[in-house]
Amino acid sequence: MKCDKCSASAILFQRYSGLHLCTSHFISDVEKKIKREVRKEKIEGTLAIALSGGKDSAVTLSVLNDLLSRRGVDMIAISVDEGITGYRERALESAATLVAELGIRWEVASFEQYFGVRIDQVNERPCTVCGILRRSLLNRLAKAVGASALATGHNLDDEAQTVQMNYLRGDIDRLLRLDHPAKEGLVRRVKPLKYVPEKEVALYAILKGIPINLDECRFSAGVFRAEVRDMLNDLELRHPGTKYSLVRGLGRILQLTTRSPFELGQCTRCKEPAVRTFCQSCEVLEKLRSTDLDRTI
Ligand SMILES: [Zn+2]
Ligand SMILES: [Zn+2]
């Protein structure tokens, strides 16, 4: 099969666009989608990039470095060590290789040093706890390095799942918080891979030879997310473009939302942004200290 844009052989058929693409047209298609997102965000000054060592964050860092370092944006990769023995060490090795290749400043911080907790010790819903603590620590690190924005590696599949999960739960407050402008104490989030499907992120990383860690974390991301993922994959197969429509649809709703979707106060304990009296990470840590922590590990 030939590429629809040149005479080279196609390596991929994009069902949602109806296009067969060769290696170089596939690469420029991915980069075009990332550029479009980045341009919309008007990034200046210092940009922090959350780097886990997996394919999504590695591709984000690599492409943003090509796009922005020439424009005088100061890039700093930030990584979180959650305390997951085996998995995290290998992922951080991939991250170290990438930042050395690109010559980018890199900061690593651990849950242990900030919160006195390792995810290995958490018995109940470790993945949820990890997500809450990671978001909080990334925000603190981004502020500490003086970043005006924090880029994360969320791809189209991640975004579509999150949007759909919030619709199905009827959690409109959380839905509106997904794409928020900068708030007091909360560094603006940008998601350059928001319109790149997960499979294309992986293919891009392989074709470009970007060092990535392919291990899966041994803690599962929750039954509901897995069900929504399967449902969306099934719909996408029969109705190509479904995931795009979901994510674009939310963008449109946010444009039409005139009132500020949420108010933020300060956590009375740690002074980080909070919707309630305590921020989510302090709530979760309080619960862990009182009940869940496995102290034998
Ligand atoms: Zn081509
Ligand atoms: Zn707090």
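To be clear, the structure that these remarks concern was listed above.
Residues numbered from 1 in each chain as written. Chains lettered and ligands numbered in written order. Predicted model: local features only at pLDDT ≥ 70, side-chain atom pairs only at ≥ 80, totals over all residues. Heavy atoms only, no water.

**Side note on a positive patch on the surface**
Inference 1: A cluster of basic side chains, namely Lys5, Lys32, Lys35, Arg36, Arg39, Arg70, Arg71 and Arg248, defines a positive patch on the protein surface.
Inference 2: The element that contributes the greatest number of residues to the positive patch is helix H1 (residues 23-41), accounting for four residues.
Inference 3: With respect to the helices and strands, Lys32 occurs in helix H1.
Inference 4: The class for Lys32 is partly exposed, based on a relative accessible area of 42%. (Patch = residues over 30% accessible without salt bridge, like charges linked within 9 Å, V, L, I, M, F, W, Y side chains within 5 Å. Areas by Shrake-Rupley, 256 points an atom, 1.4 Å probe, with all protein chains shown as cover. Salt bridge = Lys/Arg side-chain N within 4 Å of Asp/Glu carboxyl O. Lys, Arg positive; Asp, Glu negative; His and termini not counted. Charge placed at Lys NZ, Arg CZ, Asp CG, Glu CD. Helix = DSSP H or I, 4+ residues; strand = E, 2+ residues; numbered from the N terminus. Buried < 20%, exposed > 50% of the residue type's maximum accessible area, 1.4 Å probe, protein only.)

**Observations concerning the packing of aromatic side chains**
Inference 1: By the definition in use, this model includes four aromatic pairs.
Inference 2: Measuring from ring centre to ring centre gives 6.2 Å for Tyr195 and Tyr244, while their planes differ by 5°; the resulting arrangement is stacked. One end of the pair, Tyr195, is in the loop between strand E7 (188-190) and helix H8 (198-208); the other, Tyr244, is in helix H10 (residues 242-256), and 49 residues separate them in sequence.
Inference 3: Residue class for Tyr195 comes out buried when judged on its relative accessible area of 12%.
Inference 4: Its end group placed over the ring of Phe278, Arg269 keeps NZ or CZ at 4.6 Å from the ring centre. (Phe/Tyr/Trp six-rings, centres within 6.5 Å; stacked < 30°, edge-to-face > 60°. Lys NZ or Arg CZ within 6 Å of the ring centre and 35° of its normal.)

**Here we look at the coordination of the zinc ion (ligand 1)**
Inference 1: Those donors, Cys3 (SG), Cys6 (SG), Cys22 (SG) and His25 (ND1), are the protein atoms that reach the zinc ion (ligand 1), and they lie 2.0 to 2.3 Å from it.
Inference 2: For the zinc ion (ligand 1), the four donor atoms are set out with angles of 103 to 114° between them, so the coordination reads as tetrahedral.
Inference 3: According to the relative accessible area criterion, Cys22 is buried, its value standing at 4%. (Donors = N, O, S within 2.8 Å, 3.2 Å for Na, K, Ca; no water. Tetrahedral: all angles 85-135°; square planar, octahedral: opposite > 155°, others 65-115°.)

**Some details on the pairing of strand E3 (residues 46-50)**
Inference 1: Most of E3 is tucked away: five of the five residues are buried.
Inference 2: The alternating pattern of E3 places Thr46, Ala48 and Ala50 and Leu47 and Ile49 on opposite faces, both of which are buried.
Inference 3: With five bridges joining them, E3 and strand E4 (residues 74-81) adopt parallel strand pairing. Its bridge partner being in E4, Thr46 is matched across the sheet by Asp74.
Inference 4: Crossover E3 to E4 through helix H2 (residues 55-68) is right-handed. (Pairing = 2+ DSSP bridges. Right-handed = clockwise from strand over helix to strand, strands pointing away.)

**Some details on the coordination of the zinc ion (ligand 2)**
Inference 1: Listed as protein donors to the zinc ion (ligand 2) are Cys267 (SG), Cys270 (SG), Cys279 (SG) and Cys282 (SG); their distances from the metal cover 2.3 to 2.4 Å.
Inference 2: One can describe the donor arrangement at the zinc ion (ligand 2) as tetrahedral, given that its four donor atoms subtend angles of 105 to 117° at the metal.
Inference 3: Spacing between the donor residues of the zinc ion (ligand 2) along the chain follows C-x2-C-x8-C-x2-C. One end of the pair, Cys270, is in the loop between strand E8 (265-266) and strand E9 (273-274); the other, Cys282, is in helix H11 (residues 280-292), and twelve residues separate them in sequence.
Inference 4: Classification of Cys282 by relative accessible area gives buried; the value is 8%.

**Things to note about the sheet that holds strand E5 (residues 105-110)**
Inference 1: Read across the sheet, five strands follow the order E5-E4-E3-E6-E7 without closing on themselves; strand pairing throughout is parallel. Both outer strands of the open sheet, E5 and E7, are each paired with one neighbouring strand and no more. On average, adjacent strands in this sheet sit at an angle of 30° to one another, irrespective of strand direction.
Inference 2: Inspection of the sheet shows E4 paired to E5 by six bridges, in the parallel sense. (Axes fitted to C-alpha atoms, helices over the stretch in contact; angles between N-to-C directions.)

**Quick word on the packing of H2 against helix H3 (residues 87-102)**
Inference 1: The interhelical angle for the contact between H2 and H3, taken along N-to-C directions, is 5°, at an axis separation of 11 Å. Taken together, the axis directions place H2 and H3 in an arrangement best described as roughly parallel. Here Ala58, Leu61, Ser62 and Asn65 of H2 come into contact with H3, specifically with Leu98, Val99 and Leu102.
Inference 2: Of the residues assigned to the contact of H2 with H3, the class counts are five nonpolar, two polar and no charged. (Parallel < 35°, antiparallel > 145°, perpendicular 65-115°, else oblique. Contact = heavy atoms within 4.5 Å. Nonpolar A, V, L, I, M, F, W, Y, C, P; charged D, E, K, R; others polar.)

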